[in-house]
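Structural characterization, general
One letter stands for each residue in the lines below.
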Amino acid sequence: MTTNGRTRMNRMTMSGLVLWAALFLCTLVSLSVAKAAELSSRPVSWEPRVVVAKTLSPVGSLLVNEQPGRPWRTLGQDSDIYSRDLLLALPGMQARLETAPRAVELILWGNLPGLSEFSGWESAVILHDSRAFDADFTLRRGRVLVTNRKEKGAARVWLRIKGAAFQLTLDEPGDSVCLALYSFWPRGVPFSLSPRSPAEHGNEEKGPVRTLNIVAVKGQVDVKISGVQHSLSAPPGLSFFHWDSVNGPEATPRHLRRLETWADLNSKPVAEQSGERKNYAKVIAQYQAAVKDNDPRTVLFNLLTEADKAQDHEQAKAKVAFAIFGLAAINDIDRVMQALEDPHHAEARRAAALALRHWIGNDTGRDQLLYQFLIERLKYTKAQAATVLQLLHSAYPAEEPDTYETLIAYLQHEKLAIRELALRQLLH
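The following refers to the structure shown. (Residues numbered from 1 in each chain as written. Predicted model: local features only at pLDDT ≥ 70, side-chain atom pairs only at ≥ 80, totals over all residues. Heavy atoms only, no water.)

**Regarding the overall build of the protein chain**
Let me state the cut-off plainly: For helices the rule is a DSSP run of H or I covering at least 4 residues; for strands it is a run of E covering at least 2, with both sets numbered from the N terminus onward. Between buried and exposed lies partly exposed: a residue is buried under 20% and exposed over 50% of the maximum accessible area for its type, with that area taken using a 1.4 Å probe on protein chains only. Only the protein chains shown count as covering a residue, and every accessible area follows the Shrake-Rupley method with a 1.4 Å probe.
For the protein chain, the count of helices and strands is 10 helices and 18 strands. Taking all 428 residues of the protein chain together, 53% fall into the buried category. When the accessible surface of the protein chain is totalled, it reaches about 20,000 Å², and 53% of it is carbon and sulfur.

**Here's the deal with a negative patch on the surface**
Note the cut-off: Patch building starts from residues that exceed 30% relative accessible area and form no salt bridge, then joins like charges within 9 Å and nonpolar side chains (Val, Leu, Ile, Met, Phe, Trp, Tyr) within 5 Å. Each salt bridge in this description consists of a side-chain nitrogen of Lys or Arg and a carboxyl oxygen of Asp or Glu lying within 4 Å of one another. The positive count covers Lys and Arg only, the negative count covers Asp and Glu only, and His and the chain ends enter neither. A single reference atom marks each charge: NZ on Lys, CZ on Arg, CG on Asp, CD on Glu.
Taken together, the side chains of Glu399, Glu400, Asp402 and Glu405 make up a negatively charged region of the molecular surface. With respect to the helices, strands and loops of the structure, Glu405 is situated in helix α9 (residues 401-410).

**Describing the side chain of Ser57**
Quick note on the threshold: Under the rule applied, a polar contact is a pair of N or O atoms within 3.5 Å (in protein, one hydrogen donor and one hydrogen acceptor; residues adjacent in sequence only if both atoms are side-chain atoms). Contacts are assigned to residue pairs with any non-hydrogen atoms lying within 4.5 Å of each other.
You can see Ser57 is positioned in the loop between β1 (51-55) and β2 (62-65). When its relative accessible area of 9% is taken as the criterion, Ser57 is described as buried. Within the structure, Ser57 has its side chain in polar contact with the backbone nitrogen of Arg96 (distance 2.7 Å). Setting aside anything within four residues of it in sequence, one finds Ser57 in contact with Gly76, Gln77, Gln94, Ala95 and Arg96.

**Description of the packing of helix α6 (residues 346-361) against helix α7 (residues 366-376)**
Note the threshold: Comment: axis = line fitted to C-alpha atoms, over the contacting stretch for helices; angle = value between 0 and 180 degrees taken between N-to-C directions. Roughly parallel means an angle under 35 degrees; roughly antiparallel, over 145; roughly perpendicular, 65 to 115; everything else is oblique. Under the convention adopted here, Pro, Cys and the residues Ala, Val, Leu, Ile, Met, Phe, Trp and Tyr are nonpolar, Asp, Glu, Lys and Arg are charged, and Gly plus all remaining residues are polar.
At a minimum axis separation of 7 Å, α6 and α7 run at an interaxial angle of 125 degrees. Between α6 and α7, the interaxial angle falls into the category oblique. The residues of α7 that touch α6, namely those facing Leu356, Trp359 and Ile360, are Arg366, Asp367 and Leu370. Each residue belonging to the contact of α6 with α7 can be placed in one class, and the counts come to four nonpolar, no polar and two charged.

**Remarks on the packing of aromatic side chains**
The cut-off we apply is this: Under the pairing criterion, centres of Phe, Tyr and Trp rings, with the six-membered ring standing for Trp, must be within 6.5 Å; the plane angle then separates stacked pairs below 30 degrees from edge-to-face pairs above 60, leaving the rest tilted.
Throughout the structure, instances matching the rule amount to eight aromatic pairs. Ring centres of Phe118 and Tyr182 lie 6.5 Å apart, and the angle between their planes is 75 degrees; this geometry places the pair in the edge-to-face category. With Phe118 in the loop between β7 (104-109) and β8 (123-127) and Tyr182 in strand β12 (residues 176-184), the pair connects residues that are 64 residues apart, well separated along the chain. Taking the relative accessible area as the measure of exposure, Tyr182 reaches 22% and is therefore partly exposed.

**Some remarks on the environment of Leu327**
Along the chain, the position of Leu327 falls in helix α4 (residues 313-329). Once residues lying within four places of it in the same chain are set aside, the contact partners of Leu327 are Arg297, Leu300, Phe301, Leu304, Asp332, Arg335 and Val336.

**Comments concerning a nonpolar patch on the surface**
Judged by side-chain polarity, Tyr404, Ile408, Leu411, Leu423 and Leu427 come together as a nonpolar surface patch covering roughly 440 Å² of accessible area. Among the secondary structure elements, those contributing two or more residues to the nonpolar patch are α9 and α10 (416-427). Assignment of secondary structure puts Leu427 in helix α10.

**Quick notes on the environment of Arg140**
On the secondary structure map, Arg140 appears in strand β9 (residues 135-148). Within the local environment of Arg140, its side chain forms a polar contact with the side chain of Asp363, the two groups lying 3.0 Å apart.

**Overview of the environment of Ile375**
Relative to the assigned elements, Ile375 resides in helix α7. Distance in space between the C-alpha atoms of Ile375 and Ala385 is 6.6 Å, their sequence separation being 10 residues. Contact partners of Ile375, with chain neighbours within four places excluded, come to Tyr380, Thr381, Lys382 and Ala385.

**As for the pattern of salt bridges**
Per the counting criterion, the structure on display carries 18 salt bridges. Arg96 is the partner of Glu105 in a salt bridge, and the nearest nitrogen-oxygen pair spans 2.8 Å. Close ionic contact of Arg160 with Asp136 constitutes a salt bridge, the shortest N to O distance being 2.9 Å. Within this pair, whereas Arg160 is found in strand β10 (residues 155-161), its partner Asp136 is found in strand β9, the two being separated by 24 residues in sequence. Through salt bridges with shared partners, a single network forms among Arg96, Glu105 and Arg149.

**Let's talk about the packing of α9 against α10**
The test is simple: Crossing handedness is defined as follows: a turn of the near helix away from the far one that is anticlockwise and smaller than a right angle gives a left-handed crossing, while the clockwise case is right-handed.
For the pair α9 and α10, the least separation of the axes is 8 Å and the interaxial angle reads 145 degrees. Of the two possible hands of crossing, α9 and α10 adopt the one that is left-handed. On the side of α9, the interface is formed by Tyr404, Leu407, Ile408 and Tyr410, while α10 contributes Ile418, Arg419, Ala422, Gln425 and Leu426. Along the lines of polarity and charge, the residues of the contact of α9 with α10 split into seven nonpolar, one polar and one charged.

**Overview of α9**
Because each turn of an α-helix spans 3.6 residues, side chains separated by three or four positions in sequence point in the same direction. Formally: By arc we mean the arc of the directions from the helix axis to the C-beta atoms, nothing more.
Restricting attention to buried positions, one finds in α9 the residues Thr403, Leu407 and Tyr410. All buried residues of α9 project into a common sector of 55 degrees when viewed along the axis, lining one side. The exposed set on the far side of α9, more than 90 degrees from its buried face, consists of Pro401, Asp402 and Glu405. On its buried face, α9 sits against α8 (382-392) and α10.

Here you go:
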């Protein structure tokens, strides 16, 4: 080989190495966001990983992630469920599981815009191995319906959330309670490079505000927190109990005349469009059929791509919403950001803005992870990344005139993501 030939070969080799290194670095950054996003959700390593339940729903209904950074996979009906694993029902989907031995049933109950008044989207839990309770689990986010499935006697449940723990006693077989956990950054709280709590709330803990609503759906349930016990009964009794990370538990439960729609599994959608639930149902059925042979991320990605070809506009909207909220639920923030920067699809940008606001509110430090991701992966400047996060935090008070001037000026920004988020705030 000539000297020139060897030189060209060396250049080609170096080019290949540089390309490989760039791809590897991008993968690491992408994985680091997904991994770090769930690090705080996992039990300590000394907790045993053993079978504690089994699935009752068809394949595709329940996703599992054994370790942060690993891909999500779907579980089939009658599959074993292990302690310590993160379990997920995608937005709009329901996943049923039952403890082993049979004592308590959990329904992870996802949501989508227009289906319910509940503010959350996906439902995520971690089950624990316990000898003292019939069920022991951490509710990471979303809604869960808990039902006593014993042949006789009370079912005892230990419920963990970040910052609190509750002992639930469902008195009789068939008794049921709905748990709904939602986290958010309150409007007006600015983005900060160091985690901190909203000072106006006097909250010493650093991070988004978390709210937990407990509603007795059927029969009787006793709720015990910090040594204080409250007795709930299905409407019209004392049915509703509230806790949040700012004020702690309410002093007493509240009466409900009837079961609120967000806690009623059989309720009709609140959306004005009567066909919205049907459109979502078609998309979910398509997802469940495809996920039998593919990984969840690929199927969600394909649904988003297929929305471009849909003849029915409402069906296309349903595909976009389900796919983008689903991708955010499994921490594929790269793809959600692509949707926010898509100049051709307003519905995708709208869904991505909602999904990202929800995502950063789900846990402490996620806003900082997104900030670093924008800089390292998408090459935003620090100022641009900070602007995106300020807009996602909704940190511009509506009562201040300067807010409108600032947001209107952002409508001319070079970054489409910033223009879109500014528009969403102005419309809100």
